[in-house]
4 protein chains.
Amino acid sequence: MANSKFEYVKNFEQSDNLLPNTWVVVRIDGRGFTKFSTKYGFEKPNDKRALELMNAAARAVMAELPDITIAYGVSDEYSFVFHKTCSLFERRSSKLVSTIVSTFTAYYVHLWSTHFPETPLSPPLPSFDGRAVCYPTVTNLRDYMSWRQVDCHINNLYNTTFWALIQLGGVHATEAENALKGTYAADKNEILFSRFGINYNNEPEMYKKGSVVFRDYELVEPGTHDTATEADNLAEPVPQSKTQTENDKKRRAKARIVVEHLDIIKDEFWDRRPWLLSNKPGKVPKEP
Amino acid sequence: MANSKFEYVKNFEQSDNLLPNTWVVVRIDGRGFTKFSTKYGFEKPNDKRALELMNAAARAVMAELPDITIAYGVSDEYSFVFHKTCSLFERRSSKLVSTIVSTFTAYYVHLWSTHFPETPLSPPLPSFDGRAVCYPTVTNLRDYMSWRQVDCHINNLYNTTFWALIQLGGVHATEAENALKGTYAADKNEILFSRFGINYNNEPEMYKKGSVVFRDYELVEPGTHDTATEADNLAEPVPQSKTQTENDKKRRAKARIVVEHLDIIKDEFWDRRPWLLSNKPGKVPKEP
Amino acid sequence: MANSKFEYVKNFEQSDNLLPNTWVVVRIDGRGFTKFSTKYGFEKPNDKRALELMNAAARAVMAELPDITIAYGVSDEYSFVFHKTCSLFERRSSKLVSTIVSTFTAYYVHLWSTHFPETPLSPPLPSFDGRAVCYPTVTNLRDYMSWRQVDCHINNLYNTTFWALIQLGGVHATEAENALKGTYAADKNEILFSRFGINYNNEPEMYKKGSVVFRDYELVEPGTHDTATEADNLAEPVPQSKTQTENDKKRRAKARIVVEHLDIIKDEFWDRRPWLLSNKPGKVPKEP
Amino acid sequence: MANSKFEYVKNFEQSDNLLPNTWVVVRIDGRGFTKFSTKYGFEKPNDKRALELMNAAARAVMAELPDITIAYGVSDEYSFVFHKTCSLFERRSSKLVSTIVSTFTAYYVHLWSTHFPETPLSPPLPSFDGRAVCYPTVTNLRDYMSWRQVDCHINNLYNTTFWALIQLGGVHATEAENALKGTYAADKNEILFSRFGINYNNEPEMYKKGSVVFRDYELVEPGTHDTATEADNLAEPVPQSKTQTENDKKRRAKARIVVEHLDIIKDEFWDRRPWLLSNKPGKVPKEP
């Protein structure tokens, strides 16, 4: 075929398969979202519509890619987790990252008008970048998730106080910044409460905890499973019968993908949802 | 800060900077576009609206990322080329790929309704995956571009004949496939002409050549520049004054981004547009 | 400094740090050892002197690089294992591999005359190549070690029978090969026993099991430690006091590096030597 | 086969093939050579025997690996260059690096007693680490080589003056260091000449220029070849007949591998030895 003369250029493609038997986290971030949020008048410190649009896009990504077991979002970022035994796209990094980023963007743009019916999108459009990171053990993975949730907490407490000072206290940004320099969490809580009558604990959970997206099955009793150790012990994907694989697929498809605002740092969240670490679908709860 | 306990997880990020002084090609491909094109009733063998939507999205990507010097699209794929001296995002592969894929997807979804006003998008939405490849020399880069254009030609000739057999000849897909097995280009041209009165040469250039997207400056006389050798000789980005950089930026911003359907295999295309390989903006043509 | 003009070339170095919290195995292999072993008249199927030279070189490597916790050798290959928390050379792959390969080669050449006093080395000299592989869990690591030891067994049984047929049975290589085609372990045992009176079980352990090199401490009672789970649970190097680090270092230095020929597939080997997985030096046995 | 249960561990090997059509430089460095040189009483600032041992080892590496076109050594480091079209070991980085490091070490240890007949080696033995770097163009490659040679010059001028101050001037190391702080090349030349009567230009070429190792063919007239451009234009290995490959191999084998101390920064060195960049063996000079 005439093309063969040029086909040698394919040899320049270098492989980028991620290490097997490790948890793959793909984190995406909004590009230039400070500017973007100003353009579309996002409310400060949190814009409910914008966060719900992020969550809707994340749910859609999980629905299209059943290999994702859990996702966590805060602000303009979202982390998607592939189970350590996942072999989607032969674990090629570019392919995993680009697919997630593209699917997420497609839904973000497509669903924009539902969440912002009064402010249609115009160029430059919102976009996201992404990267993949491998975590060898359950502890590493959970520490990653905890890292993001602690970050959410730290930033939200800061932002809530910062914007209270500006919006309710009437000070300028620089003043607010200075007022917060060197303060601890307790100080910020105090400022909020004593000066503005705001009890931070009563702030919406979505702002304080971020959003966790996962397939919902019946919760199990804590202490009945040791999925973390089981997951760490896994050496490679457990071979299972075609029927079993089909069953898993059906149960996964039946499960509702939920968006919740829970503590994912403590054990309880993981203990009661063993399917997140085991990758074995749980019992689909009866519809009420 | 409380977060420090978990922050060690950042150390698991591995660097993926692409080799300096090489041409970076990011190619994106539609995911599951066979199914997608059926769902939205794309015309066969080529759907003008779908191709123009691809081109519009590619133009938007180039407008948002001035570091891209040229792009080439065919069917549901597009290749974007960064100049060898480009240092955008420190040449991090994931960042380059995900940014292009995301921006392209955003425009593809956003502009859909302009090109397909009668068939609104519905989930699953269109998405793209992507990858980056490095090419050390101008010859390698041009061979890559030629590879894609020869591929376009081979596929389009095949598809044009295949669908003529079906749409005009009234045969089934398998029959058409069998009729084409082992045929050469000349045979396909003959089938088209003798059986259906189609002169392949008269087919639209966009179908035969694909689409080339680039900033348009005044063409130069062939033979007046040897940009290929100059580009190969470049060892690293040439340091230039701030004024020069600013000037370049302005000229680039002024230049119209055009979509053309030209032969990019022959030297002429490159000889007359030295800015593609030199990365120095040309003369902006006067508006008529 | 005048050099700065050229110093940009350092930017072409790409990082190759191995994923943290994974076991690093560096396996080295003799280059062209079939030819080499013929040149120096190695005995078939096993040359005791050559194997002991390999073992001596491996011991020296372990003595110079205390970060190696265990090594396993068979024929002309040796695998060296770095603990998952090891941060030697920032886990740079080339640096780890080249250091091991170079140190091993140095001792192999230096100690040659001790093991082969009558056949001095002459060019081309023996050399080795190497590569690093990461294993995320203890199971993966132990499966790697088992893989090599099973390989040792399979090859040694084959070679023992093959060379018995030639050396004792007087047949040609091709005949021996044909005689063994499609045979199982039991068949080979049978050939050895019935035709040559050889009980494979009585063959030297070094030939049947390969060689395991490690620091020797007092064995513990099986079942008293669960080091595998503890090791898998490790998220990152456990911070310890300077005194503790110094103590560990001293105990490691005091420990004898032994070469044994044990089963490393079964749990017992690992259960009784918890320091191999925990990286915490055991109790140094009293000299008799 | 029983082994299959464990063989999955092979899937953890990740590919590390270097980008095609780029010059591969493998640089090796002595490990802990400051301590090593003290142990064996190397003369300061340069030990002729030690440098000649390095050169002898480098020559041996080139003789065993004909794919290396040129090598450059200074102090305890050596850089080996593979031609951009080289496909040895499928360009796997670990394999290229470890092979060179191992072969070099083998000869260094083996030839030690020839160069240091009175001080036999004892553990810890000398060893080297190494790494591979890719350079896309001839300019990048030559700039790399120039970088090393400029470094040689800078270090040697410094060391020569430093040790003159100590050995001839009778000052302590710290004093010598202080005396040289902030000095330029001219200052150092002046110190050497006015205080110690040493004309730096008369120092041995090996110390001032380092050592260049290459296959020697008949020099060509400068200006008759433009190998740099030709090399840059190469897109992939030029296919040649078996006879041609055989001829090249023979001529390469016949060529003497020389160690010279020449300026490799200026064009002349490269212009007169086109085979270094073209990889086409030149004319083997007649033996005198």
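See the structure printed just above.
Residues numbered from 1 in each chain as written. Chains lettered and ligands numbered in written order. Predicted model: local features only at pLDDT ≥ 70, side-chain atom pairs only at ≥ 80, totals over all residues. Heavy atoms only, no water.

J.: In this structure, what is going on with the interface of chain C and chain A? I would like to understand it.
T.: Interfaces are often described in size by the accessible area the parts lose on coming together. Between chain C and chain A, the residue contacts involve 16 residues of the former and 16 residues of the latter. Looking only at chain C, the three residues that lose the most surface to chain A are Leu-19, Pro-136 and Asp-232 of chain C, adding up to 37% of its buried area. The interface formed by chain C and chain A holds zero salt bridges in total. One can count four residue pairs in polar contact (both at pLDDT 80 or more) joining chain C with chain A. The set of elements that each furnish at least two residues to the side of chain C that touches chain A consists of helix 5 (138-167) and helix 9 (227-233) of chain C. Counted by class, the side of chain C that touches chain A contains six nonpolar, seven polar and three charged residues. (Contact = heavy atoms within 4.5 Å. Buried area = accessible area lost by both parts, 1.4 Å probe. Salt bridge = Lys/Arg side-chain N within 4 Å of Asp/Glu carboxyl O. Polar contact = N/O pair within 3.5 Å; in protein donor to acceptor, adjacent residues only side chain to side chain. Helix = DSSP H or I, 4+ residues; strand = E, 2+ residues; numbered from the N terminus. Nonpolar A, V, L, I, M, F, W, Y, C, P; charged D, E, K, R; others polar.)

J.: Would you take a moment to explain the relation of the copies chain C and chain A for this structure?
T.: Put simply, the two copies of the chain differ by a rotation about an axis and a shift along that axis. Superposition record for chain C on chain A: RMSD 0.0 Å, screw rotation 180°, translation along axis 0.0 Å. In short, the pair behaves as if placed about a two-fold rotation axis. When C-alpha distances to the rotation axis are compared across chain C, the minimum falls at Pro-136 of chain C, with a value of 2.6 Å. (Least-squares fit on C-alpha atoms with pLDDT ≥ 70 in both.)

J.: Before we go on, may I ask you to explain the sheet that holds strand 1 (residues 23-30) of chain A in this structure?
T.: The strands making up a sheet associate through hydrogen bonds between their backbones, and the pairing can be parallel or antiparallel. All names here are of chain A. Reading across the sheet, the six strands line up as 4-1-3-2-5-6 and stay open at both edges, with antiparallel pairing between neighbours. If you trace the sheet from one side to the other, it starts and ends with strand 4 (128-135) and strand 6 (256-260), each paired once. Neighbour to neighbour, the strand axes of the sheet diverge by 20° on average, direction disregarded. Pairing of strand 5 (residues 211-216) with strand 6 involves five bridges; the strand directions are antiparallel. In the strand pairing of strand 6, Val-213 is matched with Val-259. (Pairing = 2+ DSSP bridges. Axes fitted to C-alpha atoms, helices over the stretch in contact; angles between N-to-C directions.)

J.: I keep staring at the pattern of salt bridges and nothing clicks. Help me out?
T.: Should their charged atoms come close, side chains of opposite charge can pair. Scanning all chains against the criterion turns up 52 salt bridges over all chains. As a salt-bridge pair, Arg-142 of chain A and Asp-267 of chain A come within 2.9 Å of each other at their nearest N and O atoms. A residue pair is termed long-range when its members are at least 10 positions apart, and Arg-142 of chain A in helix 5 (residues 138-167) and Asp-267 of chain A in helix 11 (residues 267-271) qualify at 125 residues. Assessed through its relative accessible area of 15%, Arg-142 of chain A is described here as buried. Taking the relative accessible area as the measure of exposure, Asp-267 of chain A reaches 45% and is therefore partly exposed. Note that Lys-209 of chain A and Glu-205 of chain A form a salt bridge whose closest N and O atoms lie 2.7 Å from each other. Of this pair, Lys-209 of chain A and Glu-205 of chain A both sit in helix 8 (residues 205-209), four residues apart, which is roughly one turn of that helix. Classification of Lys-209 of chain A as partly exposed rests on a relative accessible area of 24%. Members of the salt-bridge network, linked through shared partners, are Glu-13 of chain A together with Arg-27, Asp-29 and Arg-131 of chain B. (Buried < 20%, exposed > 50% of the residue type's maximum accessible area, 1.4 Å probe, protein only.)

J.: What is the right way to read the environment of Arg-273 of chain D from this model?
T.: Residues and elements named next belong to chain D. Here Arg-273 is to be found in the loop between helix 11 (267-271) and helix 12 (275-278). Distance in space between the C-alpha atoms of Arg-273 and Leu-219 is 5.8 Å, their sequence separation being 54 residues. If sequence neighbours within four positions are ignored, Arg-273 has contacts with Phe-214, Leu-219, Leu-262 and Glu-268.

J.: Looking at this structure, I do not really get the interface of chain B and chain A. What am I missing?
T.: The interface is formed by 54 residues belonging to chain B together with 54 residues belonging to chain A. Both sides together, the interface formed by chain B and chain A hides about 4400 Å², and carbon and sulfur atoms give 61% of it. Connecting chain B to chain A are six salt bridges. Its salt-bridge partner being Glu-13 of chain B, residue Arg-27 of chain A comes within 3.6 Å of it at the nearest N-O pair. Linking chain B with chain A are 22 residue pairs in polar contact (both at pLDDT 80 or more), by the criterion used here. Those elements that provide at least two residues to the side of chain B that touches chain A are helix 1 (4-7), helix 4 (93-115), strand 4 (128-135) and helix 5 (138-167) of chain B. Among the elements that make up the side of chain B that touches chain A, the one with the highest residue count is helix 4 of chain B (13 residues). Looking at the side of chain B that touches chain A residue by residue, the classes come out as 28 nonpolar, 14 polar and twelve charged.

J.: What should I look at first to understand the packing of aromatic side chains in this one?
T.: Two measures describe an aromatic ring pair: the distance that separates the ring centres and the angle between the ring planes. All names here are of chain C. Within the structure shown, the criterion is met by 104 aromatic pairs over all chains. Here the aromatic rings of Phe-104 and Phe-128 are separated by 5.0 Å at their centres, their planes lie at 75°, and the arrangement is edge-to-face. With Phe-104 in helix 4 (residues 93-115) and Phe-128 in strand 4 (residues 128-135), this residue pair connects regions lying 24 residues apart in the sequence. Stacked on the ring of Phe-89, the Lys or Arg Lys-95 has its end atom at 5.3 Å from the ring centre. (Phe/Tyr/Trp six-rings, centres within 6.5 Å; stacked < 30°, edge-to-face > 60°. Lys NZ or Arg CZ within 6 Å of the ring centre and 35° of its normal.)

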